[in-house]
Amino acid sequence: MNVNVQFREEGNRIYGVIEGEIDTYTAPMLREGLEVITINKSSIIELDLSKVTYMDSTGLGVFVAFYKKVLKENAELKLVRLSSRLARLFEITGLSELMDIETDKKVEPANECI
């Protein structure tokens with residue numbers, strides 16, 4: 001299986017869709033796909049992971065390296081539409097505490113206590 005990375009730019013926003021399995025074999029392809037992005041200080045990069053069917057620690061490493069690159073350029077990165085399985089992977093590694101991550105589930109508003 002391969003990984004496919006597609007981007008479109010709208011002003012200072014860059015939207016990306018990543019599709020496929022991200023493992024030891026495909027991680028270099030993902031890394032190369034992310035390296036073509038020109039990151040500016042005001043860039044807002046949003047990566048849609050809804051079509052990622054599998055990811056191992058190698059894939060996490062690619063996202064961590066890209067996250068560091070984005071931070072170095074004073075830009076923003078948001079990972080969106082993660083399946084609950086992918087979101088859990090980011091949670092158990094502690095990366096969800098660092099990165100802006102949005103799952104594909106709708107979150108119900110919490111009841112407020114008075």
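Residues numbered from 1 in each chain as written. Predicted model: local features only at pLDDT ≥ 70, side-chain atom pairs only at ≥ 80, totals over all residues. Heavy atoms only, no water.

Asks: So what's going on with the overall build of the chain? Which residues, and what values?
Replies: Helix and strand content of the chain: three helices and five strands. Listing every helix and strand of the chain by position from the N terminus yields β-β-α-β-α-β-α-β. Here the chain has a C-alpha radius of gyration of 15 Å; the compact-globule value for 114 residues is 13 Å, and the two agree. Projected onto its principal axes, the C-alpha coordinates of the chain cover approximately 50 × 35 × 20 Å. (Helix = DSSP H or I, 4+ residues; strand = E, 2+ residues; numbered from the N terminus. Rg over C-alpha atoms; globule rule 2.2 N^0.38 Å.)

Asks: Describe the side chain of D23, with residues and values.
Replies: For D23, the position within the fold is in the loop between β2 (13-22) and α1 (27-35). Although D23 lies buried, it forms no salt bridge, and the closest oppositely charged side chain, R31, sits 11 Å away as judged by the N-O distance. Ignoring sequence-local partners within four residues, the contact set of D23 consists of Y54, D56 and T58. (Buried < 20%, exposed > 50% of the residue type's maximum accessible area, 1.4 Å probe, protein only. Lys, Arg positive; Asp, Glu negative; His and termini not counted. Salt bridge = Lys/Arg side-chain N within 4 Å of Asp/Glu carboxyl O. Contact = heavy atoms within 4.5 Å.)

Asks: Now, about the sheet that holds strand β5 (residues 100-103): what can you tell me, with residues and values included?
Replies: Ordered by their spatial adjacency, five strands build an open sheet running β1-β2-β3-β4-β5, and the pairing between neighbours is mixed. Bordering the open sheet on either side are β1 (3-10) and β5, each of which pairs with just one other strand. Across the sheet, the mean angle separating the axes of adjacent strands is 20° when strand polarity is ignored. Relative to strand β4 (residues 76-82), strand β3 (residues 44-55) runs parallel, the two sharing five bridges. Residue pairing for β4: I44 is matched across the bridge by E76. (Pairing = 2+ DSSP bridges. Axes fitted to C-alpha atoms, helices over the stretch in contact; angles between N-to-C directions.)

What is shown is where atoms sit, not what they do.
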